[in-house]
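The chain contents come next:
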Amino acid sequence: MIDTVAWIHVRDGRILTARTKGRTLFYIPGGKRHAGERDLDTLVREAEEELTVRLLPHTAAHFGTYQAPVDDDAGAADDAAGGGGVRTVLMACYTADHLGTPAAAGEIAELAWLTYADRERTPPVDRLVFDQLYADGLLR
């Protein structure tokens, strides 16, 4: 099981996504928890490292937790990094206000604002979030 936390940032019916260098799929920004980190610690750290924004923890709200198989795009990288055949991602998702303008940083090659029509450009766990956002009328 890969334990991750993600930041859901929706604007004008689109969700902010990121593509990591060397990968083709876009994902909801966030990342793996470090030992001893709480969800919000991971969320704030990853947003700063990947997006150059500062999340405001006191505004964070849990959106949902999702679980799905690892996609081939991420799975190959995880296996190469010693993942040993890990095949499931658990992703706790939060909304939160932020300071700054999102910009690609660190391992991020590019950012994109996706709609529901772009759902197939994301990994399986993110598609569950896209489905929920669309059902809630937040994603066009």
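Note that this is a predicted model, so its numbers are computed, not measured. (Residues numbered from 1 in each chain as written. Predicted model: local features only at pLDDT ≥ 70, side-chain atom pairs only at ≥ 80, totals over all residues. Heavy atoms only, no water.)

Q: Which residues make up the nonpolar core, and what values do they have?
A: With 19 residues, the main nonpolar core has Ile-8, Ile-15, Ile-28, Met-91, Cys-93 and Val-129 as its most contacted residues. Sorting the residues of this core by element identifies strand 1 (2–7), strand 6 (61–69), strand 7 (88–95), strand 9 (108–114) and helix 3 (124–135) as the ones contributing at least two each. Top contributing element to this core by residue count: helix 3, with 4 residues. Residues within four places of Ile-15 in sequence aside, it is in contact with Ile-8, His-9, Val-10, Ile-28, Ala-112, Trp-113, Leu-114, Phe-130, Leu-133 and Leu-139. (Core = buried A, V, L, I, M, F, W, Y, C linked by side-chain atoms within 4.5 Å. Buried < 20%, exposed > 50% of the residue type's maximum accessible area, 1.4 Å probe, protein only. Helix = DSSP H or I, 4+ residues; strand = E, 2+ residues; numbered from the N terminus. Contact = heavy atoms within 4.5 Å.)

Q: Report on empty space enclosed by the protein, specifying residues and quantitative values.
A: Under the definition given, this model contains 1 cavity of 30 Å³ or more. In this structure, the largest cavity encloses a volume near 30 Å³. Taken together, Trp-7, Pro-29, Gly-30, Leu-43, Glu-46, Ala-47, Glu-50 and Leu-51 form the lining of the largest cavity. For the lining of the largest cavity, the element with the highest residue contribution is helix 1 (residues 39–51), accounting for 5 residues. Class assignment of the residues belonging to the lining of the largest cavity gives a composition of 5 nonpolar, 1 polar and 2 charged. (1 Å grid on protein atoms, 1.4 Å probe; cavity = no way out; pocket = protein on both sides within 12 Å on 5 of 7 lines; lining within 4 Å. Points joined across faces, edges and corners; volume = space filled by probe spheres on them. Nonpolar A, V, L, I, M, F, W, Y, C, P; charged D, E, K, R; others polar.)

Q: An account of the pattern of salt bridges is needed here, citing residue identities and associated values.
A: If you walk through the whole model with that rule in mind, you get 11 salt bridges. Of the charged contacts in the structure, one is a salt bridge between Asp-39 and Arg-33, with a shortest N-O distance of 2.5 Å. Ionic pairing is found between Arg-45 and Glu-37, a salt bridge with its closest N-O pair at 2.7 Å. For the residue pair Arg-45 and Glu-37, the accessibility class agrees, reading buried in each case. (Salt bridge = Lys/Arg side-chain N within 4 Å of Asp/Glu carboxyl O.)

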